[in-house]
Amino acid sequence: MFEILKQLNELWSINLNWLTQYNIIKETSILFADLPIFIIPLFLLSFWLIYNFNWEKEKKENLLFIFYSVILGVFINVIIQKLFYIDRPQDFLQNSWNFLLNHIPNASFPSDHATVSFAFLTAIFLFGYRKITFLIFPLFIIMLLSRIVAWVHWSFDIIAWIFIWIISAIVIRKYKDSYFFVKTNSILLKMASYLKI
């Protein structure tokens, strides 16, 4: 079974990487493999400053919950990466097609970009930013496809652990009124108020 999945993974990745013979796909993949991930800190910082200016404490708390969702997704990813090590496609690709990006981390599975982006998307959807979710969604899909096309990740690195992306946000949403989060938010908001941010 594992061998069949491995062959499918290689086949899908080779077929997507084959698209890099078209210059527009190649350039788009290089640009979009990382760029959309910066939407996340930009979103959080921009809305934090807006809510700080308007004294909207509850909305700032929602931003903290979105941030916690991303952090939980990353934490789960790190555990999985420690348990299951899978090489990035570059070794296989050197004998096959075009490796577009250099200087990438070692762990390939599961994809940090996929986990962070979809934990973020799920969280902003759950915490009241539905229209923005649908605006950002296509950019994150292009980013994840670009990472497969550029052979930064195998196809399964992106799709195999889809539940991590969504579960982290759902868990945070479910327990947002717990003592831990109420106390943590209170401390962080007091610190931010003291620092005038």
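Note: the structure precedes this text.
### Some details on the overall build of the protein
Step number 1: When helices and strands are counted, the protein shows 10 helices and zero strands.
Step number 2: Helices (α) and strands (β) of the protein occur, in sequence order from the N terminus, as α-α-α-α-α-α-α-α-α-α.
Step number 3: Here the protein, with 197 residues, has 40% of them falling under the buried criterion.
Step number 4: Counting contacts in the protein only where the partners sit at least 6 residues apart, residues at least 24 apart contribute 78% of the total.
Step number 5: Surface exposure of the protein reaches about 11,700 Å², of which carbon and sulfur atoms provide 70%.

### Examining the pattern of salt bridges
Step number 1: Enumeration over the complete set of coordinates arrives at two salt bridges.
Step number 2: With its nearest N and O atoms 3.2 Å apart, the salt bridge here joins Lys59 to Glu56.
Step number 3: We classify Lys59 as partly exposed; its relative accessible area is 37%.
Step number 4: One salt bridge connects Asp177 with Lys176, and the closest N-O pair in it is separated by 3.5 Å.

### Here's the deal with the packing of aromatic side chains
Step number 1: For the structure shown, the criterion picks out 14 aromatic pairs.
Step number 2: With centroids separated by 5.5 Å and ring planes inclined at 15 degrees, the aromatic side chains of Phe65 and Phe127 adopt a geometry described as stacked. Placement of the pair is Phe65 in helix α4 (residues 57-83) and Phe127 in the loop between α6 (112-126) and α7 (130-149), with a sequence separation of 62 residues. Phe127 carries the same exposure label as Phe65, and that label is buried.
Step number 3: The structure contains a cluster of three or more aromatic residues connected by ring pairs, namely Phe43, Phe47, Tyr51, Phe120, Tyr129 and Phe140.
Step number 4: Above the ring of Phe125, the side-chain terminus of Arg130 is found at 4.3 Å from the ring centroid.
Step number 5: When the ring centre of Phe127 is taken as reference, the NZ or CZ atom of Arg173 above it lies at 5.2 Å.

### Overview of the environment of Ser178
Step number 1: Mapped onto the fold, Ser178 is located in the loop between α9 (162-174) and α10 (179-194).
Step number 2: Ser178 sits in the partly exposed class, given a relative accessible area of 24%.
Step number 3: A polar side-chain atom of Ser178 sits 2.9 Å from the main-chain carbonyl oxygen of Tyr175.

### Some thoughts on the nonpolar core
Step number 1: With 32 residues, the main nonpolar core has Phe43, Leu63, Ile66, Phe120, Ile124 and Phe140 as its most contacted residues.
Step number 2: Those elements that place two or more of their residues in this core are α3 (39-53), α4, α6, α7, α9 and α10.
Step number 3: Element by element, the count of residues in this core is highest for α6, at seven residues.
Step number 4: Residues contacting Phe120, with those up to four places away along its chain left out, are Ile40, Phe43, Ile66, Val70, Ile136 and Phe140.

### Considering a nonpolar patch on the surface
Step number 1: Judged by side-chain polarity, Leu31, Leu35 and Phe38 come together as a nonpolar surface patch covering roughly 310 Å² of accessible area.
Step number 2: Looking at the secondary structure, you find Leu31 in helix α2 (residues 23-32).
Step number 3: Exposure remark for Leu31: the relative accessible area of 47% places this residue in the partly exposed category.

About the cut-offs
- Residues numbered from 1 in each chain as written.
- Predicted model: local features only at pLDDT ≥ 70, side-chain atom pairs only at ≥ 80, totals over all residues.
- Heavy atoms only, no water.
- Helix = DSSP H or I, 4+ residues; strand = E, 2+ residues; numbered from the N terminus.
- Buried < 20%, exposed > 50% of the residue type's maximum accessible area, 1.4 Å probe, protein only.
- Contact = heavy atoms within 4.5 Å.
- Areas by Shrake-Rupley, 256 points an atom, 1.4 Å probe, with all protein chains shown as cover.
- Salt bridge = Lys/Arg side-chain N within 4 Å of Asp/Glu carboxyl O.
- Phe/Tyr/Trp six-rings, centres within 6.5 Å; stacked < 30°, edge-to-face > 60°.
- Lys NZ or Arg CZ within 6 Å of the ring centre and 35° of its normal.
- Polar contact = N/O pair within 3.5 Å; in protein donor to acceptor, adjacent residues only side chain to side chain.
- Core = buried A, V, L, I, M, F, W, Y, C linked by side-chain atoms within 4.5 Å.
- Patch = residues over 30% accessible without salt bridge, like charges linked within 9 Å, V, L, I, M, F, W, Y side chains within 5 Å.

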